[in-house]
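Below, each chain spelled out in residue letters.
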Amino acid sequence: MISIIIPVYNEAEEVESNLKQIQNRISSFGYVTEILVVDGGSNDGTLALINQVDGIKCLESTRGRPRQMNYGAKQATAEILYFLHIDSFPPQDFDRLIIESVQNRHQAGCFKMKFRSRHPWLQFISWFTKFNTRSCRGGDQSLFVTKSLFEKVGGYNEEFLIYEDHEILKLIYDTSDFKVIQHSISTSARRFEHKGILKLQVLFCIIYFKKWSGASSDELYSFYMKHINN
């Protein structure tokens, strides 16, 4: 069975419609036992909107995506955890695809990804997500992982308020047979459209090389807040 865990913060504009989109993509087999939306202290009415969606359990935790996802994992009751961003829509019957992968001895995995944009550069970088290499991974692709493996690797590293997906994937790749399901999850291009596609891609590359060269979690977060999330 699967527990879906979705961290949110100030997503009032889209949270209600996006949750319904995600629910509509669940199969009829009954594999999903719960959808846990973990709010990190939103102040724009997000919490009230979540509570209007049937079939959603809303949790509250301290702000920070790794903290919110770890908190959701602790409350989850299913054997498989599925971490999903609120602006990413998995393929139809995604829960069945996850169950099949776990039955084939893949304790963790994700979907390949495409942006909801026809921009050639975004289509180009999406193409690389079909390959099973850690450098092609990102949080927008979502992550399914058995609860036992998640606990074995220690969950998300809460020191990394950004780049938390790469930190946990490094451990997961080292300890399991990771699976990239060859069905597409679609994700929003809103941040690229807001910042500028080339500019944001360059900034993400800088963060990647800063991490590769040994930058601390505080340095990465400071750069992110100054240049990307300002």
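See the structure printed just above.
Source: prediction; values computed, not measured.

What about the overall build of the chain?
Along the backbone of the chain there are ten helices and eight strands. Over its C-alpha trace the chain gives a radius of gyration of 17 Å, about what one expects of a compact globule, namely 17 Å for 230 residues. In terms of overall dimensions, the chain has C-alpha extents of about 45 × 40 × 35 Å along its principal axes. Put simply, the chain has 230 residues, and 52% of those count as buried. The long-range share in the chain, meaning contacts at least 24 apart out of those at least 6 apart in sequence, stands at 78%. Working note: accessible area of the chain is about 11,400 Å², and carbon and sulfur atoms make up 48% of it. Computed over 27 positive and 26 negative side-chain charges, the separation of the two mean positions in the chain equals 6 Å.

With respect to the nonpolar core
The biggest cluster of nonpolar side chains holds 46 residues, and the ones touching the most others in it are Ile4, Ile6, Leu19 and Tyr82. Sequence-distant contacts of isoleucine 4, defined by excluding residues within four places in its chain, comprise Ile26, Val32, Glu34, Ile35, Leu36, Tyr82, Leu84 and Phe94. Counting 23 residues, the second-largest nonpolar core is a separate cluster that includes Val38, Leu59, Ala73 and Val153.

Quick word on the sheet that holds strand 4 (residues 80-83)
Read from one edge to the other, the open sheet built from eight strands follows the order 3-2-1-4-7-6-8-5, with strand pairing classed as mixed. The open sheet has two free edges, formed respectively by strand 3 (57-60) and strand 5 (88-89), since each of these has just one partner strand. Looking at chain direction, strand 1 (residues 2-8) and strand 2 (residues 32-39) are connected through seven bridges and run parallel. When the bridges of strand 2 are listed, isoleucine 4 appears paired with isoleucine 35. Against the sheet, helix 7 (residues 164-175) contacts strand 6 (108-115), strand 7 (143-146) and strand 8 (178-187), and its axis sits at roughly 50° relative to strand 7.

Rules used in this analysis
- Every chain is numbered on its own, with residues counted from 1 as its sequence reads.
- This being a predicted model, a pLDDT of at least 70 is required before a residue's local features are given, and a value of 80 or more before pairs of side-chain atoms are given or counted; all residues contribute to the totals for chains, interfaces and linings.
- Note: side-chain values were computed over all heavy atoms of the structure, leaving out hydrogens and water.
- Labels follow the DSSP assignment, with helices taken as runs of H or I lasting at least four residues and strands as runs of E lasting at least two, numbered in each case from the N terminus.
- The globule rule is 2.2 Å times the number of residues to the power 0.38, and the radius of gyration it is compared with is taken over C-alpha atoms.
- Only protein chains enter the accessibility calculation, which uses a 1.4 Å probe; a residue is then buried when its area is under 20% of its type maximum, exposed when over 50%, and partly exposed in between.
- Contact definition: two residues touch when any of their heavy atoms are within 4.5 Å.
- For every accessible area listed, the method is Shrake-Rupley and the probe measures 1.4 Å; residues are considered covered only by the protein chains on display.
- His residues and chain termini do not enter the charge count, which takes Lys and Arg as positive and Asp and Glu as negative.
- Where a charge lies is defined by one atom per residue type, namely NZ (Lys), CZ (Arg), CG (Asp) and CD (Glu).
- The criterion is simple. A nonpolar core is a set of buried Ala, Val, Leu, Ile, Met, Phe, Trp, Tyr and Cys residues joined through side-chain atoms within 4.5 Å.
- Strands are labelled as partners when DSSP assigns at least two bridges between them.
- For helices, the fitted line uses only the C-alpha atoms of the stretch in contact; every axis is such a line through C-alpha atoms, and the angle between N-to-C directions lies from 0 to 180 degrees.

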